[in-house]
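Listed below are the residues making up each chain.
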Amino acid sequence: MRVSMRSALSSLGVVFTAYLAVGGMIWTVTPDHPLLMVGAIGLYLVTVWLCIFWNPVTAPLPVWLVVLSLVTAVIVPNVTWFAAGTDARLQAYATWGLGGISALMAILVVRRRVWAAWFGVAIIVVTGSFWIGIVNALSLGAVGAVVWVGIAQLVTGLMARAARDTAELTELQRSSSEWLASQSGRRRERRVTVQRAIALAGPVLTRVIETGGVLDDEERAQARLAEGRLRDELRGRRLLDDDVRVQLEAVRRRGTEVTMLDEGGLDGVDEDQLTVIRGELAKALSDARSERVFIRTSQHESIAVTVVGRSRSEDDPDGEDVVDLWHEIRWPAVREPEAVEGAAEAQDRVGVED
């Protein structure tokens, strides 16, 4: 059974702190107050093991546990030196608290309570200086406390930075993969478009080259139809299916000028919705009798495609165009909105199309 890194480090922390606590139980001379000594060791073990096993690991220790750790840093050394007695304060079982509290402060650093850990180090330095003198305190563990906490802070900082770098690298790799995939898709789409363009315009261009540009009426009509098909494929490919292509061909054969433009309004639309939209577009084109027809995708929340037909007015001496076809194809999955209000709004939209 595989052991996680956290379990291994927690077990190591338990074993090491227990080893330090056992040092306080190996008495060469019976302490003046043995029960106090045992009580201090018990408080230390409870506190340090709570800090090791408290969840979640990624979050800082709660404030109450930090306060308990600092209280332990005050109580354990003082009680240990008091319990050991005046003549035994420099014995190993009387100074174990310096190492024990140092380990506890290092754990606080790992659990993201750095300033509390350094405050705990200051506590044991001051406490040790009071009981055994500054020189003895430094030589018997206070310097080690500074080193342990400093190394713990350095290592955790490096690990956090490594984790951030790894996350950034992962994000860059993901972005790079997405970019490569999109470029591959675009290249494939361009190849398909070029192949379709060659299929549409190739025969006409070949005929133009063969005749030196001298075409009869039928060939010119075929050239205009090929040009229209090519523009449709380049400007509005997502609007096209076989039925729409047939109706576009029929509309153009009736002499209508057709302009189709997809400006991204159908990006992300699923195939079922596109099928419905294309079917309604084919029906709208089958009834079109205008001189010019404009087909354009929409960014409106409920309108997918707008079909506008314009013809020259016979009653207007200036020959201004009038709108004789207005058809809005709504999103299949969206509830039918209210009807378009007023002819003025319609004229504004037509002006944009023009």
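Residues numbered from 1 in each chain as written. Predicted model: local features only at pLDDT ≥ 70, side-chain atom pairs only at ≥ 80, totals over all residues. Heavy atoms only, no water.

1. Focus: the overall build of the protein chain
The secondary structure content of the protein chain amounts to 10 helices and 4 strands. Going through the 354 residues of the protein chain one by one, you find that 37% of them count as buried. Considering only residue pairs separated by 6 or more positions, the protein chain has 67% of its internal contacts joining residues 24 or more positions apart. By element, 60% of the accessible surface of the protein chain is carried by carbon and sulfur atoms, the whole surface being about 20,800 Å². (Helix = DSSP H or I, 4+ residues; strand = E, 2+ residues; numbered from the N terminus. Buried < 20%, exposed > 50% of the residue type's maximum accessible area, 1.4 Å probe, protein only. Contact = heavy atoms within 4.5 Å. Areas by Shrake-Rupley, 256 points an atom, 1.4 Å probe, with all protein chains shown as cover.)

2. Digging into the confidence of the model for the protein chain
When pLDDT is averaged along the protein chain, the result is 81, and 90% of the positions lie at 70 or above. Between residues 334–354, whose pLDDT stays under 50, and residues either more than four places distant or in other chains, the model counts 25 contacts. (pLDDT = per-residue confidence, 0-100.)

3. A short note on the sheet that holds strand β4 (residues 321–330)
An order of β1-β2-β3-β4 is seen for the 4 strands of this open sheet, with the pairing classed as mixed. The open sheet has two edge strands, β1 (257–261) and β4, and neither has a second partner. On average, each strand axis in the sheet is inclined to that of its neighbour by 15°, with strand direction left out of account. Summarising the sheet, β1 and strand β2 (residues 292–297) pair through 5 bridges and their orientation is parallel. Residue pairing for β2: Thr-259 is matched across the bridge by Phe-294. On the sheet, helix α9 (residues 271–286) packs against β2, β3 (303–312) and β4 and is oriented at approximately 155° with respect to β4. (Pairing = 2+ DSSP bridges. Axes fitted to C-alpha atoms, helices over the stretch in contact; angles between N-to-C directions.)

4. Quick word on the nonpolar core
With 42 residues, the main nonpolar core has Met-37, Tyr-44, Cys-51, Ile-101, Leu-104, Met-105 and Leu-108 as its most contacted residues. Counting only elements with at least two residues in this core, the list comes to α1 (5–23), α2 (34–53), α3 (63–84), α4 (92–110), α5 (114–132) and α6 (134–211). Looking at which element gives the most residues to this core, the answer is α4, with 12 residues. The residues touching Met-37, leaving out its near neighbours within four places in the chain, are Gly-24, Trp-27, Pro-31, Thr-80, Ala-83, Ala-84, Tyr-93 and Trp-96. With 23 residues, the next largest nonpolar core counts Leu-240, Leu-248, Val-258 and Leu-266 among its residues. (Core = buried A, V, L, I, M, F, W, Y, C linked by side-chain atoms within 4.5 Å.)

5. A word on α9
Along an α-helix, a turn takes 3.6 residues, which lines up residues three or four apart on a common side. Counted at 1.5 Å a residue, the expected span for α9 with its 16 residues is 22 Å, and the 22 Å between its end C-alpha atoms agrees. Taken together, the buried positions of α9 are Gln-273, Leu-274, Ile-277, Arg-278, Leu-281, Ala-282, Ala-284 and Leu-285. The buried residues of α9 occupy an angular sector of 165° when projected down its axis, which confines them to one face. Relative to its buried face, α9 has exposed residues pointing more than 90 degrees away, namely Asp-272 and Lys-283. Looking at the buried residues of α9, the elements they touch are α8 (242–253), β2, β3 and β4. (Expected span 1.5 Å × (residues − 1). Arc of directions from axis to C-beta.)

6. Section: the pattern of salt bridges
Counted under the stated rule, the structure contains 9 salt bridges. With its nearest N and O atoms 2.8 Å apart, the salt bridge here joins Arg-229 to Glu-249. In this pair, Arg-229 is assigned in helix α7 (residues 217–235) and Glu-249 in helix α8, connecting sequence segments 20 residues apart. A relative accessible area of 23% places Arg-229 in the partly exposed class. A residue is classified by how much of its surface remains accessible, and Glu-249, at 18% relative accessible area, is buried. For Glu-271, the salt bridge is made with Arg-278, and the minimal N-O distance between the two is 3.0 Å. (Salt bridge = Lys/Arg side-chain N within 4 Å of Asp/Glu carboxyl O.)

7. Some remarks on the packing of α3 against α5
Two quantities define a packed helix pair, namely the angle between the helix axes and the distance between the axes. The N-to-C vectors of α3 and α5 enclose an angle of 15°; their axes lie 10 Å apart at closest approach. Classified by the interaxial angle, the pair formed by α3 and α5 is roughly parallel. For the crossing formed where α3 meets α5, the hand is right-handed. For the pair α3 and α5, contact is made by Val-66, Leu-70, Ala-73, Val-74, Pro-77, Asn-78, Trp-81 and Phe-82 and by Ala-116, Phe-119, Gly-120, Ile-123, Ile-124, Thr-127, Gly-128, Trp-131 and Ile-132, respectively. A class-by-class count of the residues in the contact of α3 with α5 yields 13 nonpolar, 4 polar and no charged. (Parallel < 35°, antiparallel > 145°, perpendicular 65-115°, else oblique. Left-handed = near helix turned anticlockwise from the far one by under 90°. Nonpolar A, V, L, I, M, F, W, Y, C, P; charged D, E, K, R; others polar.)

8. Points about the side chain of Thr-72
Inspection of the secondary structure assignment puts Thr-72 in helix α3. With relative accessibility at 0%, the residue Thr-72 sits in the buried group. In this view, Thr-72 contacts Leu-43, Tyr-44, Thr-47, Pro-77, Ile-101 and Leu-104; residues no more than four positions away in its chain are not counted.

9. Focus: unusual backbone geometry
One non-glycine residue, Arg-112, lies in the positive phi region at around 70°. Mapped onto the secondary structure, Arg-112 falls in the loop between α4 and α5.

10. So, the packing of aromatic side chains
Taken as a whole, this structure holds 4 aromatic pairs when the rule is applied. With a centroid separation of 5.2 Å and an interplanar angle of 80°, the aromatic rings of Tyr-44 and Trp-96 are classed as edge-to-face. Remark: Trp-96 occurs in helix α4 and Tyr-44 occurs in helix α2; sequence separation between them is 52 residues. The burial state of Tyr-44 is the same as that of Trp-96; both residues are buried. The interplanar angle of 85° and the centroid separation of 5.5 Å between the aromatic rings of Phe-130 and Trp-131 together place this pair among those described as edge-to-face. (Phe/Tyr/Trp six-rings, centres within 6.5 Å; stacked < 30°, edge-to-face > 60°.)

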